[in-house]
Amino acid sequence: MEHHSYMVGVRRHLHRNPEVSFYEFDTTEFICRELEKMGLKPERPLETGCVALIEGSKQGKTIALRADIDALAMEEEGEIKAEFTSQKTGAAHCCGHDAHTANLLGAARILCDLKDQIEGRVVLVFQPAEEKLPGGARMITRSGILQKYGVDEIYGLHTSPGYTPGEVAVKPGAFMACTVEFEAELIGKGGHAAAPHHSVDPVVMAAQAVTAFQTVVSRSTDPNEPAVLTVGKIEGGSAHNIIPERVKLKGTVRAFSMETAREIKKRMEAILEGVAVAAGGSYTFHFDEGYPAVVNDENCTTRLIQVAHELLGEEQVITMKNPLMAGEDFAFYQQEFPGAFFFLGSGSDEADSRWSWHHPRYNVDEKALITGACMLAGLILIRPI
Ligand SMILES: [Zn+2]
Ligand SMILES: [Zn+2]
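The model shown is predicted, which means the values in this text are computed figures rather than measured ones.

*Asks:* Give me the lowdown on the coordination of the zinc ion (ligand 1), citing residues and values where you can.
*Replies:* Distances from the zinc ion (ligand 1) to its protein donors, Cys 95 (SG), Glu 131 (OE), Glu 131 (OE) and His 358 (NE2), fall at 2.0 to 2.8 Å. Mapped onto the sequence, the residues coordinating the zinc ion (ligand 1) show the spacing C-x35-E-x226-H. Here the zinc ion (ligand 2) and the zinc ion (ligand 1) are spaced 3.1 Å from one another, each receiving a donor from Cys 95. Of the two residues, Cys 95 is situated in the loop between strand E2 (58-68) and helix H3 (97-113) and His 358 in the loop between strand E15 (339-345) and helix H10 (368-381); the sequence distance between them amounts to 263 residues. Here His 358 falls in the partly exposed class, since its relative accessible area comes to 38%.

*Asks:* I'd like a rundown of the sheet that holds strand E3 (residues 119-127), residues and numbers included.
*Replies:* For sheets, the rule is that strands pair by backbone hydrogen bonds, running either parallel or antiparallel. Ordered by their spatial adjacency, seven strands build an open sheet running E1-E3-E2-E4-E15-E5-E14, and the pairing between neighbours is mixed. Lying at the two open borders of the sheet, with one neighbouring strand each, are strand E1 (50-55) and strand E14 (317-319). On average, each strand axis in the sheet is tilted by 25° relative to the strand beside it, whichever way the strands run. Note: strand E5 (residues 168-170) against E14, three bridges, orientation parallel. Within the sheet, the bridge partner assigned to Ala 169 lies in E14 and is Ile 318. Running over the sheet, helix H2 (residues 25-37) touches E1 and E3 and is turned about 15° from E1.

*Asks:* I'd like a rundown of the environment of His 240, residues and numbers included.
*Replies:* In this structure, His 240 sits in the loop between strand E9 (227-236) and strand E10 (242-243). Given the relative accessible area of 78%, His 240 is considered exposed. In this structure, the C-alpha to C-alpha distance between His 240 and Ala 193, residues 47 residues apart in sequence, is 7.7 Å.

*Asks:* Give a description of the coordination of the zinc ion (ligand 2) that names residues and reports values.
*Replies:* Around the zinc ion (ligand 2), the protein contributes the donor atoms Cys 95 (SG), His 97 (NE2) and His 158 (NE2), which lie 2.1 to 2.4 Å from the metal centre. Going along the chain, you hit the donors of the zinc ion (ligand 2) in the pattern C-x1-H-x60-H.

*Asks:* Requested: an account of the domain arrangement of the chain, with residues and values cited.
*Replies:* Examined at the domain level, the chain breaks down into domain 1 (2-175 + 293-381) and domain 2 (178-291). On a C-alpha basis, the centres of domain 1 and domain 2 stand 37 Å from each other. With 19 residues of domain 1 in contact, the opposing surface of domain 2 contributes 11 residues. Taking both sides of the interface into account, the surface hidden between domain 1 and domain 2 amounts to around 1,000 Å²; carbon and sulfur atoms contribute 72%. The largest contributions to the domain 1 side of the interface with domain 2 come from Leu 133, Ala 293 and Met 325, which together make up 57% of the buried area. On the surface where domain 1 and domain 2 come into contact, there are zero salt bridges. Seen at the junction of domain 1 and domain 2, the total is four residue pairs in polar contact (both at pLDDT 80 or more). Grouping the amino acids of the side of domain 1 that touches domain 2 by side-chain chemistry returns 11 nonpolar, two polar and six charged.

*Asks:* Mind laying out the packing of aromatic side chains, listing which residues take part and the relevant values?
*Replies:* Any aromatic ring pair is given by two values, namely how distant the centres are and how the planes are angled relative to each other. One pass over the structure, following the stated rule, counts 10 aromatic pairs. With a centroid separation of 6.3 Å and 80° between ring planes, the pair formed by Phe 182 and Phe 213 is classed as edge-to-face. Of this pair, Phe 182 sits in strand E7 (residues 178-187) while Phe 213 sits in helix H6 (residues 202-220); the two residues are 31 residues apart in sequence, bridging distant segments of the chain. Centroid distance Phe 343 to Trp 357: 5.6 Å. Interplanar angle 35°. Geometry classified as tilted.

*Asks:* Any chance you could break down the sheet that holds E9 for me, citing the residues and the numbers?
*Replies:* The sheet built from four strands is open, its strands ordered E9-E11-E7-E12 with antiparallel pairing. For this open sheet the edge positions go to E9 and strand E12 (282-291), each flanked by a neighbour on one side alone. Strand-to-strand, the axes of this sheet are offset by a mean angle of 15°, without reference to chain direction. For E9 and strand E11 (residues 246-255), the ladder comprises nine bridges, and the chain directions are antiparallel. Note that in E11 the partner of Gly 236 across the bridge is Val 247. Across the sheet, helix H7 (residues 258-279) is in contact with E7, E9, E11 and E12; its angle to E12 comes to roughly 170°.

*Asks:* Let's hear about the nonpolar core: which residues, and what values?
*Replies:* Counting residues in hydrophobic clusters, the biggest one holds 61 residues, and the most contacted among them are Leu 35, Leu 65, Leu 105, Leu 111, Leu 124 and Phe 126. The next biggest cluster of nonpolar side chains, apart from the first, holds 30 residues, and it includes Ala 206, Val 247, Val 275 and Ala 293.

*Asks:* Just give me the short version of the environment of Pro 292, but keep the residues and values in it.
*Replies:* Along the chain, Pro 292 turns up in the loop between E12 and strand E13 (294-296). Looking at Pro 292, the relative accessible area reads 10%, which means it is buried. Residues Pro 292 and Glu 328, 36 residues apart in the sequence, show an inter-C-alpha distance of 8.1 Å. Dropping the residues within four chain positions of it, Pro 292 is found in contact with Ala 177, Cys 178, Met 258, Glu 328, Ala 331, Phe 332 and Gln 335.

About the cut-offs
Residues numbered from 1 in each chain as written. Chains lettered and ligands numbered in written order. Predicted model: local features only at pLDDT ≥ 70, side-chain atom pairs only at ≥ 80, totals over all residues. Heavy atoms only, no water. Donors = N, O, S within 2.8 Å, 3.2 Å for Na, K, Ca; no water. Helix = DSSP H or I, 4+ residues; strand = E, 2+ residues; numbered from the N terminus. Buried < 20%, exposed > 50% of the residue type's maximum accessible area, 1.4 Å probe, protein only. Pairing = 2+ DSSP bridges. Axes fitted to C-alpha atoms, helices over the stretch in contact; angles between N-to-C directions. Contact = heavy atoms within 4.5 Å. Domains from an automatic or database assignment. Buried area = accessible area lost by both parts, 1.4 Å probe. Salt bridge = Lys/Arg side-chain N within 4 Å of Asp/Glu carboxyl O. Polar contact = N/O pair within 3.5 Å; in protein donor to acceptor, adjacent residues only side chain to side chain. Nonpolar A, V, L, I, M, F, W, Y, C, P; charged D, E, K, R; others polar. Phe/Tyr/Trp six-rings, centres within 6.5 Å; stacked < 30°, edge-to-face > 60°. Core = buried A, V, L, I, M, F, W, Y, C linked by side-chain atoms within 4.5 Å.

What follows is the structure in structure tokens.
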């Protein structure tokens with residue numbers, strides 16, 4: 001209970017003082033101070049965020065536990081959060097990373113108290129910039145600090161409004177999608193709307209491209225592998241009687257492997273080229289690979305489920321049928337180390353916390369912090385079967 005009120009205090013402090021991706025300076029100072037109070041020596045491999053090591057008393061594996069610490073560039077809403085609402089304009093913890101940080105600090109306190117029971121070592125990763133490319137996880141992984149500690153496995157969690165406090169949800173294999181952002185421009189020749197024969201109309205080219213894009217997932221990718229291609233924004237034109245010079249298409253591709261995403265890219269490029277050649281225009285195409293897919297290691301997932309069963313009871317542990325098409329930069333760790341990511345139920349009517357991630361009213365039922373800290377500490381303290 002003492003740990004719970006500590007975590008609630010931390011979460012509310014961070015919630016009041018959110019900092020957006022790559023600017024988590026005060027947040028990092030705060031976390032470092034808390035870790036130092038526990039007798040730990042945080043290291044800072046990047047400008048923001050930190051990593052700390054807890055040495056156990058016996059030999060064993062080195063397990064990394066990760067929390068992301070950044071807030072979103074947005075304004076928040078919701079009366080229930082009035083007591084600890086964001087004090088900053090243009091920044092708010094509407095993805096629960098305040099709770100993730102509080103959870104990992106809570107777990108760290110439990111683990112420091114029970115150090116003599118730890119077999120192996122624990123690497124606490126307070127990662128910046130989950131919300132923004134290139135992704136803090138990619139930068140931490142590239143910094144080499146986790147390799148230096150010889151991390152054997154890594155675990156992480158995300159609060160989820162879809163499950164209630166006390167519940168966790170997990171699944172082996174594909175868990176969250178890889179996320180790609182694309183931008184295409186169709187370039188024609190502007191002119192008078194009444195004289196299309198003297199123009200090359202990029203509006204028509206864009207319409208053809210958007211329609212043909214619909215065949216990419218339906219005709220060119222493996223039906224057993226989920227994928228999405230969405231054009232989310234069309235920009236072009238200025239008036240009803242002008243054929244514009246160019247039209248921009250912006251959108252996202254989601255898949256469960258970068259190979260599939262790259263196949264989709266090839267098909268999109270072929271369509272753009274075909275449309276442009278047929279119309280007598282041209283095109284540009286940028287395809288920015290964002291985060292890879294979160295794919296949970298079988299053994300790590302089995303371990304996670306074992307710990308969850310022991311701590312929470314079988315009925316509280318949900319095995320998800322399908323992965324989510326949303327992305328997470330935790331995927332970068334999994335490219336280097338076996339790991340598993342899970343959802344921590346945080347949705348309830350009392351806490352008005354059933355709103356989706358990134359909604360201005362997004363909130364976390366703070367009861368979830370107990371489950372989260374127990375799970376993280378349990379992964380270290382509970383003996384494998
Ligand atoms: Zn988010
Ligand atoms: Zn998030």
